[in-house]
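# Report on the structure
Residues per chain, in single letters:
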Amino acid sequence: MAKLIGLSGSLRTASFNTALLRSAARLTPEGSAVEVRSIRDIPLYDGDLEESSGIPSAVAILKDAVAAADGLLLVTPEYNNAIPGVFKNAIDWMTRPASDISRVFGNKPIAVIGTSPGNFGTLLSQNAWLSVFRAVGASPWFGGRLLVPHATHVFDAAGQLVDAGIENRLRDFMQGFCAYADGYGAAPGQ
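On a predicted model such as this, the values are computed, not experimentally measured, just so you know.

At the junction of Arg 96 and Pro 97, the peptide bond is cis and its omega measures out at -15° in the coordinates. Positionally, Pro 97 belongs in the loop between α4 (85-94) and α5 (101-105). In this model, Asn 80 sits at a positive phi of 50°, which is unusual for a non-glycine residue. The class of Asn 80 is exposed, set by a relative accessible area of 77%. For Asn 81, which is not a glycine, the phi torsion comes out positive at approximately 65°. With respect to the helices, strands and loops of the structure, Asn 81 is situated in the loop between β3 (71-75) and α4.

Spelled out as structure tokens, the structure:
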């Protein structure tokens, strides 16, 4: 089955999106797996740093993990109606050098979910990711959408998912995305 890499776009220890990622990993169908990775050690992109020192080791390790995976799950917060800067920065680093984009992201099955304390989940942030997916040549999964509003009621103080309806939707989402990622390489014309 599918071997996925999961990334949360939040650095906050008690992040609702990191809690959603842990829940997604737990609810992944048997035979598939989500390896939870972090963007915490990715430095701010700096072309001078890249030129003088090359790709930072944290970036290289993450790039290799994504390249080897069957798919990538992004769990995105929404900051000021868009993608969080730290999350976009991590993806930007993973596109360096440009000649490596197709190895890391080319036709890579990718899905995005997210949660927020507000009424709309992460609708605008998820939409903003679409142009990034197109730019890097990834293959977004459009078979499901998961926007989780009112995160303060969906997770308990320990970050455990306590909303049965959201849990069922997340389980279905993960089943669909794993099937897509698992079968993507075998699809005719791919």
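From this point, things continue past the structure.
Now for the pattern of salt bridges. Any two side chains of opposite charge can pair if their charged atoms end up close together. Considering all chains together, one arrives at eight salt bridges under this definition. Here Arg 96 and Glu 50 are joined by a salt bridge, their closest N and O atoms 3.0 Å apart. Of this pair, Arg 96 sits in the loop between α4 and α5 while Glu 50 sits in helix α2 (residues 47-53), and the two are 46 residues apart along the sequence. Using a relative accessible area of 27% as the deciding quantity, one classes Arg 96 as partly exposed. Relative accessible area serves as the criterion here: at 13%, Glu 50 is assigned to the buried category. Measuring nitrogen to oxygen at the nearest pair gives 2.8 Å for the salt bridge that ties Arg 103 to Asp 100. A relative accessible area of 39% places Arg 103 in the partly exposed class. What emerges from the salt-bridge pattern is a single network uniting Lys 63, Asp 64, Asp 100 and Arg 103.

To continue, consider the side chain of Thr 18. Here Thr 18 shows up in helix α1 (residues 16-26). Judged by relative accessible area, which is 18%, Thr 18 ranks as buried. Side chain to side chain, Thr 18 and Ser 8 meet in a polar contact 2.8 Å long. Here Thr 18 is in contact with Ser 8 and Ser 10, once residues within four sequence places are set aside.

Basis of the calculations
- Residues numbered from 1 in each chain as written.
- Predicted model: local features only at pLDDT ≥ 70, side-chain atom pairs only at ≥ 80, totals over all residues.
- Heavy atoms only, no water.
- Helix = DSSP H or I, 4+ residues; strand = E, 2+ residues; numbered from the N terminus.
- Buried < 20%, exposed > 50% of the residue type's maximum accessible area, 1.4 Å probe, protein only.
- Salt bridge = Lys/Arg side-chain N within 4 Å of Asp/Glu carboxyl O.
- Polar contact = N/O pair within 3.5 Å; in protein donor to acceptor, adjacent residues only side chain to side chain.
- Contact = heavy atoms within 4.5 Å.

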